[in-house]
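Coordinates in review
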Amino acid sequence: MRRRTPPPPSPLPQRDGIDPVRVRLPGEGDWATVRDHLVERLSGAGDGVVDGMLRAGLVVGADGTAVAPDAPYVPGMFVWFHRDLPAEVPVPFPLEVVYRDEHIVVVDKPHFLATTPRGGHVRETALARLRRELGIPTLGAAHRLDRLTAGLVLFTVRPEERGAYQTLFRDRRVRKVYEAVAPYDPARAWPVTVRSRIVKERGTLTAREVPGEANAVSDIEPMEHRADGLARYRLVPRTGQTHQLRVHMTALGLPILGDPLYPEVTAPVPADDFRRPLQLLANELEFTDPITGTAHRLRSGRALQAWASYARWTG
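Quick notes on the rules
- Residues numbered from 1 in each chain as written.
- Predicted model: local features only at pLDDT ≥ 70, side-chain atom pairs only at ≥ 80, totals over all residues.
- Heavy atoms only, no water.
- 1 Å grid on protein atoms, 1.4 Å probe; cavity = no way out; pocket = protein on both sides within 12 Å on 5 of 7 lines; lining within 4 Å.
- Points joined across faces, edges and corners; volume = space filled by probe spheres on them.
- Nonpolar A, V, L, I, M, F, W, Y, C, P; charged D, E, K, R; others polar.
- Helix = DSSP H or I, 4+ residues; strand = E, 2+ residues; numbered from the N terminus.
- Buried < 20%, exposed > 50% of the residue type's maximum accessible area, 1.4 Å probe, protein only.
- Polar contact = N/O pair within 3.5 Å; in protein donor to acceptor, adjacent residues only side chain to side chain.
- Contact = heavy atoms within 4.5 Å.
- Salt bridge = Lys/Arg side-chain N within 4 Å of Asp/Glu carboxyl O.

Right, let's get into the layout of surface pockets. Approximately 560 Å³ is the volume found for the second largest pocket. Tallied by class, the residues present in the lining of the second largest pocket amount to 11 nonpolar, seven polar and six charged.

Spelled out as structure tokens, the structure:
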């Protein structure tokens, strides 16, 4: 098996904690110039955008030299540029560092802040914010937490070590414990283990359970409940399917408070509406560091608002 040659390092620095876009020209194609390919590839950018970038010298090759507007197409060539990013509504909640050493940074992410740049969330992400605030341009995410979920996320400092930490999550050698606020079912025998097969198609907002061999397993139990019909749950996912805990709680007839997708997709809220966050918190991470051998058990300092003050959450 032939090993793939890694791309050359970027000749452009980050901007506001955001990496430049890297494009590799396909090995096959009938484009006459680099410009022709970029116009087709970036068709959603708008008329004249690529031409303007090329005239301004904003598209560069591996040596940092600007790509000329009439530069011939070279299969396999890499080019870099920075996107013009639309304005984003700032997420007005702090990003707390829980643990930091020369290898990793573990943070306590607030609700509404995406982990990494994606879609319409680029500058307002945990990764970009941490790169700016900590001054660590090499920082990378070892895993992801949904934008609407708060809690612990692990980032790596050294790119060459990132794979070792990602493998921890891939091989399920990280014990994750979540908390959630949802209705209480006094008739159910607790604790329960939910097993099902979850799939999520590309382009769809929600995941769903389908017949077949289970690929998602969650241990769920209430930690306490109260007279208003709500409970605070402890959830331990044994697997890592998309939206797994949200799907499994809904399958139990106990959807998590504030969930805009389950059991039904609700109308989008304005970007500056930070009320009623999803009441799901990644509360604990427990793992042995693959580089240092240190045993870590880290806890979030956050409390779910609907449990601490239901009136404040609903207001």
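Here Thr 239 is to be found in the loop between strand E11 (230-237) and helix H5 (244-251). A relative accessible area of 10% places Thr 239 in the buried class. At 2.7 Å, the side chain of Thr 239 and the side chain of Gln 244 are in polar contact. Non-local contacts of Thr 239, meaning those with residues more than four positions away in its chain, are made with Arg 172, Asn 215, Ala 216, Val 217 and Gln 244.

Attention now moves to the pattern of salt bridges. The final tally for this structure, using the stated rule, is 25 salt bridges. Across the salt bridge formed by Asp 228 and Arg 226, the nearest N and O atoms sit 2.9 Å from each other. For Asp 228, a relative accessible area of 46% gives the class partly exposed. In this structure Arg 226 comes out as partly exposed when scored by relative accessible area, which is 25%. Linking Arg 297 and Glu 284 is a salt bridge whose minimum nitrogen-to-oxygen distance equals 3.2 Å. Here Arg 297 is found in strand E13 (residues 295-299), whereas its partner Glu 284 is found in strand E12 (residues 280-288), with 13 residues between them in sequence. You can call Arg 297 exposed: its relative accessible area is 55%. The class for Glu 284 is buried, based on a relative accessible area of 8%.

Further remarks concern empty space enclosed by the protein. Inspection of the entire model under this criterion finds one cavity of 30 Å³ or more. Here the largest cavity defines a volume of roughly 30 Å³. Considering the residues around the largest cavity, the lining is formed by His 143, Leu 152, Lys 176, Tyr 178, Ala 282, Glu 284 and Leu 285. For the lining of the largest cavity, the secondary structure elements donating two or more residues are strand E7 (175-183) and E12. It is E12 that provides the largest number of residues to the lining of the largest cavity, a total of three residues.

Treat this as a map of the structure, not an account of what it does.
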